[in-house]
Structure formats: C-alpha cells, structure tokens
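Residue-level structural notes
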Amino acid sequence: MLYYLSIITLILTASAVYHNYYINKNTLFLGGYLFSLSLYTLVHYIVFESDSILAIAIIYKHFSPIFYLPGAMIYLYIRGILNNKQSFSKKDLLHFIPFIIGTINILPYF
C-alpha cells in the first residue's frame, strides 16, 4: 500500500508542478517538498522489503541527501506565498547546506 501511495504522490506532484508552474513559480518548491517526502517513503519501503544487502546500501545511501531537502523546500514555498514573490537570493542557499554536505559525503561512493 505504501508503495502505491508513494508512486501516486510522485505522479500527482509532477502533474501539479507542470500545470501550475506558469501561474505560481513557488509551486516548484512545493513539488520539491512532496517529491522528497514521497521518495523518502519509497526508499524506506524498498529497504524494509528487500533481502539484498547490496541493494539496500546502494539505494539508501545514494538518495540520502534528498532527505535533507523538505525543510528548505517548505520554508521557501511558504515564504514565497506569504511575500507573494518568486525570488531566490544567495541568502536562500544557506537552507541547502545540509543537502550540500550530504552530497559531498556520498561523492566517494559514486
């Protein structure tokens, strides 16, 4: 059940971002938030249902930086909605520091 809900959420997120991007650019942040949460549940389903230790290590480790994105994405989405602006400044990159550190940490494993 969790597998199907994650797949459906990924499809609906892609559809919502595609159809609403020109109306409100902040929809991209909401789509990033929902994508990262859906991917998180999908990876956990695969980890719990898989018997291969190698597959678990590869899937869980390679997607781990994406698990740091929901906080930054929901913050940028809510701020954009409240301010009614679609701006992104250099100061906003500070919210992506955990994602960048996580990406740097897994680069040797690629």
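Anything mentioned here points back to the structure above.
Structural notes, computed from the coordinates. (Residues numbered from 1 in each chain as written. Predicted model: local features only at pLDDT ≥ 70, side-chain atom pairs only at ≥ 80, totals over all residues. Heavy atoms only, no water.)

Some thoughts on the nonpolar core
Of all hydrophobic cores here, the largest spans twelve residues; its members are Phe29, Leu39, Val43, Val47, Ile66, Phe67, Leu69, Ala72, Met73, Leu76, Tyr77 and Phe96. Those elements that provide at least two residues to this core are helix H2 (27-49) and helix H4 (69-83). With five residues, the single largest contributor to this core is H4. Look past the residues within four positions of isoleucine 66 in its chain and what remains in contact with it is Ser36, Leu39 and Phe99. (Core = buried A, V, L, I, M, F, W, Y, C linked by side-chain atoms within 4.5 Å. Buried < 20%, exposed > 50% of the residue type's maximum accessible area, 1.4 Å probe, protein only. Helix = DSSP H or I, 4+ residues; strand = E, 2+ residues; numbered from the N terminus. Contact = heavy atoms within 4.5 Å.)

Topic: the side chain of serine 36
Within the element layout of this structure, serine 36 appears in helix H2. Of the polar contacts made by the side chain of serine 36, one reaches the backbone oxygen of tyrosine 33; its length is 2.9 Å. When neighbours within four sequence positions are excluded, serine 36 is seen to be in contact with Ile66, Leu69 and Pro70. (Polar contact = N/O pair within 3.5 Å; in protein donor to acceptor, adjacent residues only side chain to side chain.)

Remarks on the packing of aromatic side chains
Tallying each qualifying case throughout the model produces four aromatic pairs. Their ring planes at 70° and their centres at 5.5 Å tell us that tyrosine 3 and tyrosine 4 sit as a pair that is edge-to-face. Ring centres of tyrosine 40 and phenylalanine 67 lie 4.8 Å apart, and the angle between their planes is 85°; on these two criteria the pair is classed as edge-to-face. Of this pair, tyrosine 40 sits in helix H2 while phenylalanine 67 sits in the loop between helix H3 (53-62) and H4, and the two are 27 residues apart along the sequence. Using a relative accessible area of 37% as the deciding quantity, one classes tyrosine 40 as partly exposed. With relative accessibility at 17%, the residue phenylalanine 67 sits in the buried group. Through a chain of ring-to-ring contacts, the aromatic side chains of Tyr3, Tyr4 and Tyr45 assemble into a single cluster. (Phe/Tyr/Trp six-rings, centres within 6.5 Å; stacked < 30°, edge-to-face > 60°.)

A few points about the pattern of salt bridges
Within this structure, the stated rule accounts for one salt bridge. The partner of aspartate 92 in a salt bridge is arginine 79, with the nearest N and O atoms 2.6 Å apart. Taken together, the residues aspartate 92 in the loop between H4 and helix H5 (97-106) and arginine 79 in helix H4 connect sequence positions 13 residues apart. Of the residues examined, aspartate 92 reaches a relative accessible area of 5% and is grouped as buried. (Salt bridge = Lys/Arg side-chain N within 4 Å of Asp/Glu carboxyl O.)

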